[in-house]
Each structure stands twice: as C-alpha cells, then as structure tokens.
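Overview (structure and organization)
Take a look at the letters that make up each chain.
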Amino acid sequence: MTTTSPEAAAGPETIIADARERIDALDDRIIGLVQERMAVSAVVQQTRIASGGRRVHLSREMEILARYRDALGKPGTSLAMTLLELSRGRI
Ligand SMILES: O=C(O)C(=O)C[C@]1(C(=O)O)C=C[C@@H](O)C=C1
C-alpha cells in the first residue's frame, strides 16, 4: 500500500493558495508587531526627551543592528535600519 501525504494529494494550486493564506496571516501579525514596536519606542523616546535627553540613542541602535545581523545576516541589518526609521523617523 502506498501512503500519500495530504500535501501531495492536494495538488500544487491548493498548496500554494493555502501557503499564501498562512503568509498573509503572518504578515498581518508582523505588521501588528511593528506597530506595537513603534508605540513602545515612542514611549522610550518621549520619556528621554522629556528628561532632557535626545531622541536618538546611537549605542542602543548599534546593539539592535547587531542583533538582527546575527540572527538574519546582512539583510537583517537593513531590516533593523528600516524598523529604526519607522520607530524614530529619519536621521
Ligand atoms: O531604546 C531606546 O533608547 C529607544 O529610544 C528606542 C529606539 C528603538 O526604536 O529601538 C529608538 C531610537 C533610539 O535611537 C534607539 C532605539
């Protein structure tokens, strides 16, 4: 008797449509997390500015860039730069 996985039985169009649904759901969650990150970052920046500091904290940004690069390689650095730009605006 041969066994067939549900994926193999489904056919390529169904597999692709199902996977795209999962990708859309993941993107919704990622966008929500980015928006949450922006809101939390705004709290940090506003608190620092209100106590006489600057909006930007470069050594903290270096830690974040290194974290993303270590996890995702060179494109991770670009992703972290985009997240930082979304969170604190352009510098
Ligand atoms: O961690 C901080 O001190 C922040 O202000 C947050 C944050 C960030 O979005 O990660 C934003 C601006 C700073 O330049 C560094 C980091």
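Above: the structure in question.
Everything in this summary refers to the structure shown in the same document. (Residues numbered from 1 in each chain as written. Predicted model: local features only at pLDDT ≥ 70, side-chain atom pairs only at ≥ 80, totals over all residues.)

1. Overview of the overall build of the chain
In plain terms, the rule: In this description a helix means any DSSP run of H or I spanning at least four residues, a strand means any run of E spanning at least two, and both kinds are numbered starting from the N terminus. We compute the radius of gyration over the C-alpha atoms and compare it with the globule rule, which gives 2.2 Å times the number of residues raised to the power 0.38. For the exposure call, what matters is how many other C-beta atoms sit within 10 Å of a residue's own: 20 or more marks it buried, 12 or fewer exposed, and in between partly exposed, using C-beta atoms placed from the backbone.
A count of helices and strands for the chain gives 4 helices and 0 strands. For the chain, whose C-alpha radius of gyration is 20 Å, the value lies well above the compact-globule estimate of 12 Å for 91 residues. Each principal axis of the C-alpha atoms in the chain carries an extent, and together these give about 75 × 25 × 20 Å. For the chain, the proportion of its 91 residues judged to be buried stands at 3%.

2. Things to note about the site of the ligand
Applied cut-off: Nearness rests on one distance test: the residue's C-beta atom, set from the backbone, must lie within 6 Å of the molecule or strand.
Around the ligand, the surrounding shell consists of Ser41, Val44, Gln45, Val56, His57, Arg60, Glu61, Ile64, Leu84, Ser87 and Arg88. Those elements that provide at least two residues to the shell around the ligand are helix H2 (12-50), helix H3 (58-72) and helix H4 (74-88).

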